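# Chain and residue survey
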Amino acid sequence: MFIEMVCQVCTCFRLPPNGRFTVGRQYSYEYLIDAERVMDDSGEIIIFPENIFQSCFDNFEEAVTSYSPMSADRTTYCVYLMICGLSPALEEIKAYAKTMQVNYLQAKKALIQGRNLISSGNAYHTGAILKTLSGFQVHYEIEPAYPYDF
């Protein structure tokens, strides 16, 4: 899932008195009342009075960028394959084998519990695991709840 974001951009044409900037480089900025907030080359936020900002930056325009909330998600998600019967069904064994990249016998031997941890990772990794599992008729649980489509 990607979200389109619009941000204001400008180009530095004269070095301002504060911060580290490069002439000719574009910077995103945020308008404040009678001032603008700009992140310089070192990542520091510099707030310029409007007159200083306009004397050093021009070519004001809007840039559309794509942003994925998954990239900022630092949650570790755990995916569990649930065994419905006393012993694992063929579909559960196949799902485990495909997800864990092991053969049938290794998968069958590994599935000894009703709830089997098959993945622990970030949002991108978890999405890939869930996409693989969606091709099988198996039950699984995710902790914490996974908020993205896969």
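Residues numbered from 1 in each chain as written. Predicted model: local features only at pLDDT ≥ 70, side-chain atom pairs only at ≥ 80, totals over all residues. Heavy atoms only, no water.

## Points about the overall build of the protein
Note the threshold: Numbering goes from the N terminus for both helices and strands, where a helix is a DSSP run of H or I of at least four residues and a strand is a run of E of at least two. Atoms considered for the radius of gyration are the C-alpha atoms alone. The globule rule reads 2.2 Å times the number of residues to the power 0.38.
Of regular secondary structure, the protein possesses five helices and eight strands. Listing the helices and strands of the protein from first to last along the sequence gives β-β-β-β-α-β-α-β-α-α-β-α-β. Over its C-alpha atoms the protein spans a radius of gyration of 25 Å, topping by over 25% the 15 Å that the globule rule assigns to 150 residues. Expressed along its principal axes, the backbone C-alpha trace of the protein runs to roughly 75 × 20 × 20 Å.

## Side note on the pairing of strand β2 (residues 26-32)
Our working rule: Paired strands are those between which DSSP finds at least two bridges.
Of the pairings in the sheet, the one linking β2 to strand β3 (residues 35-39) comprises four bridges and is antiparallel in character. Bridge assignment links Leu32 to a residue of β3, and that residue is Ala35.

## Quick notes on the side chain of Glu92
The following threshold applies: Under the scheme applied here, a residue whose accessible area is under 20% of the maximum for its type counts as buried, over 50% as exposed, and between as partly exposed, the area being computed with a 1.4 Å probe on protein chains only. Only four residue types enter the tally: Lys and Arg on the positive side, Asp and Glu on the negative side; His and the chain ends are excluded. Between Lys or Arg on one side and Asp or Glu on the other, a salt bridge is scored when a side-chain nitrogen of the former is within 4 Å of a carboxyl oxygen of the latter. Residue contacts are defined here by distance: any two heavy atoms, one from each residue, within 4.5 Å place the two residues in contact.
Its location among the elements puts Glu92 in helix α3 (residues 90-100). Buried charged residue Glu92 carries no salt bridge. Nearest counter-charge: Lys108, at 11 Å. For Glu92, the contacting residues outside a window of four places in its chain are Leu81, Met82, Ile83, Cys84, Ser87, Leu111 and Val138.

## Quick notes on the pattern of salt bridges
Where side chains of opposite charge bring their charged atoms close, a pairing between them can arise. Taken as a whole and judged by the stated rule, the model has five salt bridges. Between Glu91 and Lys94 there is a salt bridge, with its nearest N and O atoms 3.7 Å apart. Of this pair, Glu91 and Lys94 both sit in helix α3, separated by three residues, roughly a single helical turn. Among the residues examined, Glu91 registers a relative accessible area of 25% and is labelled partly exposed. Since its relative accessible area comes to 38%, Lys94 is described here as partly exposed.

## Comments concerning unusual backbone geometry
Most of the time, phi is negative for any residue but glycine, and the peptide bond is trans. Looking along the chain, the bond that leaves Glu143 and enters Pro144 is cis, with omega of -15°. As for its position among the elements, Pro144 is in the segment after β8 (139-143). Even without being a glycine, Asn59 presents a positive backbone phi close to 55°. If you trace the backbone, Asn59 turns up in strand β5 (residues 57-67). In this structure Asn59 comes out as partly exposed when scored by relative accessible area, which is 45%. A positive phi angle is found at Gln101, which is not glycine, with a value near 55°. Looking at where Gln101 falls in the secondary structure, it is placed in the loop between α3 and α4 (104-110).

## Some thoughts on the sheet that holds β8
Which entries qualify depends on this criterion: Fitting a line to C-alpha atoms yields each axis, with helices limited to the stretch in contact; the angle taken between N-to-C directions then spans 0 to 180 degrees.
A sheet is described by the order of its strands in space; here three strands give the open sequence β7-β6-β8, paired in antiparallel fashion. Of all strands in the sheet, those with a lone pairing partner are β7 (115-121) and β8, marking the two edges. Ignoring strand direction, the axes of neighbouring strands in this sheet form an average angle of 25°. Two elements, strand β6 (residues 77-82) and β7, share six bridges in a ladder whose sense is antiparallel. Bridged to Tyr80 within β7 is Leu117.

## Quick look at helix α5 (residues 123-133)
What counts here: The arc in question is the one spanned by the directions pointing from the helix axis to the C-beta atoms. Counted as a polar contact is a pair of N or O atoms within 3.5 Å, where, for protein atoms, one must be capable of donating a hydrogen and the other of accepting one, and residues adjacent in sequence contribute only when both atoms are in side chains.
For α5, the complete set of buried residues consists of Ala123, Thr126, Gly127, Ile129, Leu130 and Leu133. In an axial view of α5, the angular spread of the buried residues amounts to 165°, which keeps them on one side of the axis. Where α5 is buried, its residues meet α2 (69-72), β6, α3, β7 and β8. Residue Asn122 occupies the N-cap position of α5, its side-chain oxygen lying 3.1 Å from the main-chain nitrogen of Tyr124.

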